[in-house]
Amino acid sequence: PISNIQLSDPNYVTIFDTTLRDGEQAPGASMTIKQKMDIASQLAKLGVDVIEVGFPAASQAEFDLVKLVAQKIGNNIDEEGYVPMICGLARSTKEDIDKAWESLKYANKPMIHMFIATSDIHMKYKLNMNREEVVERARSMVAYARSLGFEHVRFSLEDATRSDKEFVYHIIGEVIKAGATCICVADTVGCNLPNEFAQLIVDIKTNTLGIQNVILAVHCHNDLGLATANTLAGICAGVRQVDVTINGIGERAGNASLEEIVMAIKCRGEEVLGDVYTGINTKHIFTTSNMVEEYSGLKLQPHKAIVGANAFTHESGIHQDGILKNKGTYEFISPEDVGFIRASEHDGIRLGKLSGRHALKIKMLELGYNFEEKQLEDLFWRFKSMAGRKKNITADDLRALVLNETIQPQLLDNLEIHVTY
Ligand code: KIV
Ligand code: ZN
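Fair warning: this is a prediction, and the values are worked out from it, not measured in the lab.

Focus: the packing of helix H7 (residues 165–178) against helix H8 (residues 194–207)
Part 1: Their axes nearest at 10 Å, the elements H7 and H8 cross at an angle of 50°. Taken together, the axis directions place H7 and H8 in an arrangement best described as oblique. Classified by chirality, the crossing of H8 by H7 is right-handed. From H7, Lys 165, Val 168, Tyr 169 and Ile 172 reach across to H8, where they touch Gln 199, Leu 200, Asp 203, Ile 204 and Asn 207.

Listed below in structure tokens is the structure:
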């Protein structure tokens, strides 16, 4: 949870969640007001530092939602003093900033997230502005946001990774002078590789006037599948605020995923990332992921890291044998840490054509059948033959495997069906 102490702690990484803004920009992901309120409450349970709720100037519905979240969740201070900052997106125009202030001012900690594009291609074709005009607009609009009452003014450089570096240092320096409190470097099209992204952060830190007085943030898209890697590279280079979404949903190929970043920090932060940590209560990750999957309609791939259906499931014999002897052999993250509750002790063992005897024995025990070695050997080969033909082996399939073999002669004699194992 956010507190002034943690914000001034150089090892604390603040989590800026944009599931409700960039996440909802994912094709087909639009959600109702009630669903977004549920997600915002869940994000507060997780302990995210900032909830970016939406883009107040985009529509009356967006405005109303941002205001509602600011009023309700933005004032729900818990016993420890935690309350998330509530944030809204705004282009660098007076109209957008006014709408942002009017909707966000009800929150205990309102934050505006302003942006302007800084790459030549965006400035020329999208904004139709030259560099001087862009700097002047950014500078004056940051000052305007401050004049309305925003104490937290976050300024993003859209398409920063394709922008001229000298121009990047210059515009950042100017918006800091104008009152920005946080600078966010966006890999808008997801084109950077981790080493060059880290270098960009280092260069910004080295060459930009006043950068040490603001929070430095990153916003990474996943077009090359590198959003998480680039975000972590940013942290290694000294960034202390990261933009993430639940399940990594977002525009096109999505954003860096909260669960991946938070668990990478939790599992390896001390050892590899210079002792950094977050305030996230990871036990709520699984429930939040399920909620976002259901509400957004964006189905998770089974092998999605941390929250996918297969993330804690083992099918090959060697792995299953290892897991049955000691979970740590193949489970480096404990499912309990992310709130994944197993239906039964060996729920993570999935039987398939690559499974071994150890797993079959355990699964049979779960069903109440205790086989001796010889019987198990026989059953195992019949199981293998079935698994070669059938992908999803259920408890009923296993029971049938046992019953078929053992009751056949009895059925022929017209005796009572009875399983003897
Ligand atoms: O991807 C992007 O550049 C954005 C900005 C608004 C930060 O979402
Ligand atoms: Zn984005």
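Read on, since the account is not over.
Considerations on the coordination of the zinc ion (ligand 2)
Under ideal tetrahedral coordination, the four donors around a metal are separated by 109.5 degrees; under ideal octahedral coordination, the six donors are separated by 90 or 180 degrees.
Part 1: Binding of the zinc ion (ligand 2) to the protein goes through Asp 22 (OD), His 219 (NE2) and His 221 (NE2), at separations of 2.0 to 2.1 Å.
Part 2: Going along the chain, you hit the donors of the zinc ion (ligand 2) in the pattern D-x196-H-x1-H. For the pair formed by His 219 and His 221, the shared burial category is buried.

A short note on unusual backbone geometry
Part 1: In this model, Asn 128 sits at a positive phi of 55°, which is unusual for a non-glycine residue.
Part 2: Among the structural elements, Asn 128 can be located in the loop between helix H5 (120–127) and helix H6 (131–148).
Part 3: Take Asn 128: its relative accessible area is 66%, and that puts it in the exposed class.

Considering the pattern of salt bridges
Part 1: Applying the stated criterion across every chain yields a total of 26 salt bridges.
Part 2: Across the salt bridge formed by Asp 96 and Arg 91, the nearest N and O atoms sit 2.8 Å from each other.
Part 3: On the basis of relative accessible area, Asp 96 is assigned to the buried category, the value being 3%.
Part 4: Residues Glu 271 and Arg 268 are paired through a salt bridge, measuring 3.6 Å at the closest nitrogen-oxygen approach. One end of the pair is Glu 271 and the other is Arg 268, both in helix H10 (residues 258–272) and three residues apart, which spans about a single turn.
Part 5: Residue classification places Glu 271 among the exposed positions, given a relative accessible area of 64%.
Part 6: The structure contains a network of salt bridges with shared partners spanning Arg 21, Asp 22 and Glu 52.

Remarks on the nonpolar core
Part 1: Grouped together as the largest cluster of nonpolar side chains are 95 residues, with contacts concentrated most on Phe 155 and Ile 183.
Part 2: The leading source of residues in this core is H7, at eight residues.
Part 3: The two domains that each donate at least three residues to this core are domain 1 (5–296) and domain 2 (317–412).
Part 4: Beyond its immediate sequence surroundings of up to four residues, Ile 183 is in contact with Phe 155, Leu 157, Ile 172, Val 175, Ile 176, Val 214, Ile 215, Leu 216 and Ala 217.
Part 5: The next biggest cluster of nonpolar side chains, apart from the first, holds 20 residues, and it includes Leu 324, Phe 383, Met 386 and Leu 401.

So, the site of ligand 1
Part 1: Taken together, Arg 21, Asp 22, Leu 89, His 113, Phe 115, Ser 156, Glu 158, Ala 186, Thr 188, His 219 and His 221 make up all the residues around ligand 1.
Part 2: Here an oxygen atom of ligand 1 sits 2.6 Å away from a polar atom, N or O, in the side chain of Thr 188.
Part 3: Taken by itself ligand 1 offers 260 Å² of open surface, and the protein chains cover 93% of this.
Part 4: Only strand E4 (110–117) and strand E5 (152–158) provide two or more residues apiece to the shell around ligand 1.

Observations concerning the environment of Val 242
Part 1: On the secondary structure map, Val 242 appears in strand E8 (residues 241–244).
Part 2: On the accessibility criterion, Val 242 (0% relative accessible area) is buried.
Part 3: In the structure, Val 242 is positioned 179 residues away from Phe 63 in sequence and 24 Å away in space, judged by C-alpha atoms.
Part 4: The contact partners of Val 242, leaving out residues within four places of it in the chain, are Val 13, Thr 14, Ile 15, Phe 16, Val 218, Thr 231, Ile 235 and Ile 261.

Description of helix H2 (residues 33–46)
Part 1: For H2, which comprises 14 residues, the first-to-last C-alpha distance of 20 Å matches the rise-based estimate of 20 Å (1.5 Å per residue) to within 8%.
Part 2: With ten of 14 residues buried, H2 lies mostly within the body of the structure.
Part 3: The elements touched by buried residues of H2 are strand E1 (14–17), strand E2 (50–54), helix H3 (60–72), H10 and helix H11 (285–296).

Quick notes on the packing of aromatic side chains
Part 1: All chains considered together, the criterion is met by seven aromatic pairs.
Part 2: When the centroid spacing of 6.3 Å and the interplanar angle of 45° are considered together, the rings of Tyr 369 and Phe 371 count as tilted.
Part 3: Accessibility expressed as a relative area gives 11% for Tyr 369, which makes it buried.
Part 4: Given a relative accessible area of 4%, Phe 371 falls into the buried group.
Part 5: These aromatic residues form a ring-pair network of at least three members: Phe 286, Phe 312 and Phe 340.
Part 6: Over the ring of Tyr 144 we find Lys 94; its NZ or CZ atom is 4.9 Å from the centre of that ring.
Part 7: Taking the ring centre of Phe 16 as reference, the NZ or CZ of Arg 154 above it sits at 3.7 Å.

Scoring rules and cut-offs
Residues numbered from 1 in each chain as written. Chains lettered and ligands numbered in written order. Predicted model: local features only at pLDDT ≥ 70, side-chain atom pairs only at ≥ 80, totals over all residues. Heavy atoms only, no water. Axes fitted to C-alpha atoms, helices over the stretch in contact; angles between N-to-C directions. Helix = DSSP H or I, 4+ residues; strand = E, 2+ residues; numbered from the N terminus. Parallel < 35°, antiparallel > 145°, perpendicular 65-115°, else oblique. Left-handed = near helix turned anticlockwise from the far one by under 90°. Contact = heavy atoms within 4.5 Å. Donors = N, O, S within 2.8 Å, 3.2 Å for Na, K, Ca; no water. Buried < 20%, exposed > 50% of the residue type's maximum accessible area, 1.4 Å probe, protein only. Salt bridge = Lys/Arg side-chain N within 4 Å of Asp/Glu carboxyl O. Core = buried A, V, L, I, M, F, W, Y, C linked by side-chain atoms within 4.5 Å. Domains from an automatic or database assignment. Near = heavy atom within 4 Å. Polar contact = N/O pair within 3.5 Å; in protein donor to acceptor, adjacent residues only side chain to side chain. Areas by Shrake-Rupley, 256 points an atom, 1.4 Å probe, with all protein chains shown as cover. Expected span 1.5 Å × (residues − 1). Phe/Tyr/Trp six-rings, centres within 6.5 Å; stacked < 30°, edge-to-face > 60°. Lys NZ or Arg CZ within 6 Å of the ring centre and 35° of its normal.

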